[in-house]
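Topology and contacts: notes
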Amino acid sequence: MGGTFDPIHLGHLVTAEQARADLDLDEVVFLPAGQPWQKEEKTTSAEHRYLMTVLATAANPAFSVSRLEIDRDGPTYTIQTLRGLHSAVPDADLHFITGADAILNILTWKDADECLDLAVFVAATRPGYDLEKLEAQGVREQVRVLDVPALAISSTDVRERFGKGRAVRYLIPREVEEFARKHGLYDTKGNGLALGGAV
Ligand code: ATP
Ligand code: MG
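Residues numbered from 1 in each chain as written. Chains lettered and ligands numbered in written order. Predicted model: local features only at pLDDT ≥ 70, side-chain atom pairs only at ≥ 80, totals over all residues. Heavy atoms only, no water.

1. With respect to the sheet that holds strand S6 (residues 143-146)
Keep this limit in mind: Only when DSSP finds a minimum of two bridges between them are two strands counted as paired. Only DSSP runs of H or I reaching four residues or more are called helices, and only runs of E reaching two or more are called strands; each is numbered from the N terminus. Between N-to-C directions, angles cover 0 to 180 degrees, with each direction set by a line fitted to C-alpha atoms, over the stretch in contact for helices.
Read from one edge of the open sheet, 3 strands run S4-S5-S6, paired in parallel fashion. Of all the strands in the sheet, just strand S4 (95-99) and S6 have a single pairing partner and so form its edges. Mean inter-strand twist for the sheet, computed between neighbouring axes without regard to direction, equals 25°.

Encoded structure:
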């Protein structure tokens, strides 16, 4: 499951667990993106996003986090990740889990056809995004649709909540909230501990 995970939230975790159960997957590997080329806003450092992903997934024996994308220089392209995973575990039956919004960009991805050859693409339902567009793009056949309990949570909203001092509890794991506060990751006033300001 690829993503920016800035920060990881319950929508990601519910989607991953539902995919594991419904598709009978042995393992779900979270792949925090190095430098997301599709995001214009500045993202939190890869190392902080990686650590939050580890904190959020540590208790689930079927979840793991890969450094594949963050250790590679340059922008993140899904095709390179899939090639890397395929050569690491050639016999694995790879599934690439995305939400309904990410799958809709599928045709804008570099080498979309090769991506579809290397993995089964799984599109999780997500509030506010319409999977019917898949039909129009002619990729409905190649994509497996996964029904997940609707959680209208996004990292963008979580970051805004941090910035405005609004509650994020029950939207992100407790450990992730504490880690983000400790390092002042989404503190727009810039007075987090990591920045050396007064607390
Ligand atoms: P941002 O608002 O910064 O874009 P995000 O919440 O969309 O963050 P990403 O890291 O961009 O999170 O998403 C990683 C993957 O998880 C994408 O494939 C996305 O579609 C999927 N996803 C994110 N949130 C949900 C959700 N609430 N339900 C289903 N899928 C989701
Ligand atoms: Mg997103």
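2. Concerning the packing of aromatic side chains
Applicable threshold: Here a Phe, Tyr or Trp ring, Trp counted by its six-membered ring, pairs with any other such ring whose centre lies within 6.5 Å, and the pair is stacked when the planes are under 30 degrees apart, edge-to-face when over 60, and tilted otherwise. Here, a charge over a ring is recorded when the distance from Lys NZ or Arg CZ to the ring centre is within 6 Å and its angle to the ring normal is within 35 degrees.
Per the stated rule, a full pass over the model turns up 4 aromatic pairs. What links up through ring pairs into an aromatic cluster is the set Phe 5, Phe 30 and Phe 63. When the ring centre of Tyr 50 is taken as origin, the NZ or CZ atom of Arg 67, which lies over that ring, is 4.7 Å away.

3. A look at the sheet that holds strand S2 (residues 28-32)
Here 3 strands make up an open sheet; going across it, the order is S1-S2-S3 and the pairing parallel. Every other strand in the sheet has two partners, leaving strand S1 (2-3) and strand S3 (63-65) as the edge strands with one partner each. In terms of strand pairing, S2 meets S3 through 3 bridges, oriented parallel. The residue bridging Val 28 from the neighbouring strand is Phe 63, located in S3.

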